[in-house]
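Reading the structure
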Amino acid sequence: MNALTLKILAVFSVFIGELFAVYAETFGVKQELFSFGFWKIFLIMTFGGLFLILGYLLGYKVYSNLWILAVVSITTLLIAEPLVIMFFFNETPTIGALIGFILGVLGLIAALFF
């Protein structure tokens, strides 16, 4: 695999891992402690954690810089959490949240390409 493919795979793995983690967190607020829902959340979070570990290991190998991975991870949370909330809970963001979302996307682009 070439370097560009590995970079894309690393970013994709971190994104998917964070998406699973965010889904587990937001889904978990509606569950009772140690119910069947708890174990479902636990498994989803574990699966997300595996993607995060893979993404960080691969990402550090291809980027040789933890700052880029931190920006990808934090910005992915900034992107994934509103999307999960909008699609699974049917809530819309406020104007301030929407502006923060747009600035986060621009920050991710800057960190990856400059």
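Keep in mind the model is a prediction, meaning the values are calculated, not measured.

With respect to the helices and strands, Thr26 occurs in helix α1 (residues 3-28). Residue classification places Thr26 among the buried residues on the basis of a relative accessible area of 9%. At 3.2 Å, the side chain of Thr26 forms a polar contact with the backbone oxygen of Tyr23. When near neighbours in sequence (up to four residues on either side) are disregarded, Thr26 contacts Glu81, Val84, Ile85 and Phe89.

Helix α3 (residues 66-89) packs onto α1 with a crossing angle of 45° between their chain directions and a minimal axis gap of 8 Å. Between α1 and α3, the crossing angle belongs to the class labelled oblique. Remark: the crossing between α1 and α3 carries right-handed chirality. Note on element contacts: α3 touches α1 through Val72, Ser73, Thr76, Leu77, Ile79, Ala80, Glu81, Val84, Ile85, Phe88 and Phe89, opposite Val11, Val14, Phe15, Glu18, Leu19, Val22, Tyr23, Thr26 and Phe27. Its residues placed into classes, the contact of α1 with α3 shows 15 nonpolar, 3 polar and 2 charged.

So, on to the packing of aromatic side chains. Under the counting rule described, the total for this entry stands at 6 aromatic pairs. For the pair Phe20 and Phe47, a centre-to-centre distance of 4.9 Å together with 85° between the ring planes defines the contact as edge-to-face. Residue Phe20 is located in helix α1, and its partner Phe47 is located in helix α2 (residues 36-63); the two are separated by 27 residues in the primary sequence. Of the residues examined, Phe20 reaches a relative accessible area of 29% and is grouped as partly exposed. In this structure Phe47 comes out as partly exposed when scored by relative accessible area, which is 40%. Centre to centre, the rings of Phe20 and Phe51 are 6.2 Å apart; their planes meet at 20°, and the pair counts as stacked. Taken as a pair, Phe20 in helix α1 and Phe51 in helix α2 lie far apart in primary sequence, 31 residues in all. Looking at Phe51, the relative accessible area reads 22%, which means it is partly exposed. Site record: aromatic cluster; members linked through ring pairs are Phe20, Phe47 and Phe51.

Reading the values: rules and limits
- Residues numbered from 1 in each chain as written.
- Predicted model: local features only at pLDDT ≥ 70, side-chain atom pairs only at ≥ 80, totals over all residues.
- Heavy atoms only, no water.
- Helix = DSSP H or I, 4+ residues; strand = E, 2+ residues; numbered from the N terminus.
- Buried < 20%, exposed > 50% of the residue type's maximum accessible area, 1.4 Å probe, protein only.
- Polar contact = N/O pair within 3.5 Å; in protein donor to acceptor, adjacent residues only side chain to side chain.
- Contact = heavy atoms within 4.5 Å.
- Axes fitted to C-alpha atoms, helices over the stretch in contact; angles between N-to-C directions.
- Parallel < 35°, antiparallel > 145°, perpendicular 65-115°, else oblique.
- Left-handed = near helix turned anticlockwise from the far one by under 90°.
- Nonpolar A, V, L, I, M, F, W, Y, C, P; charged D, E, K, R; others polar.
- Phe/Tyr/Trp six-rings, centres within 6.5 Å; stacked < 30°, edge-to-face > 60°.

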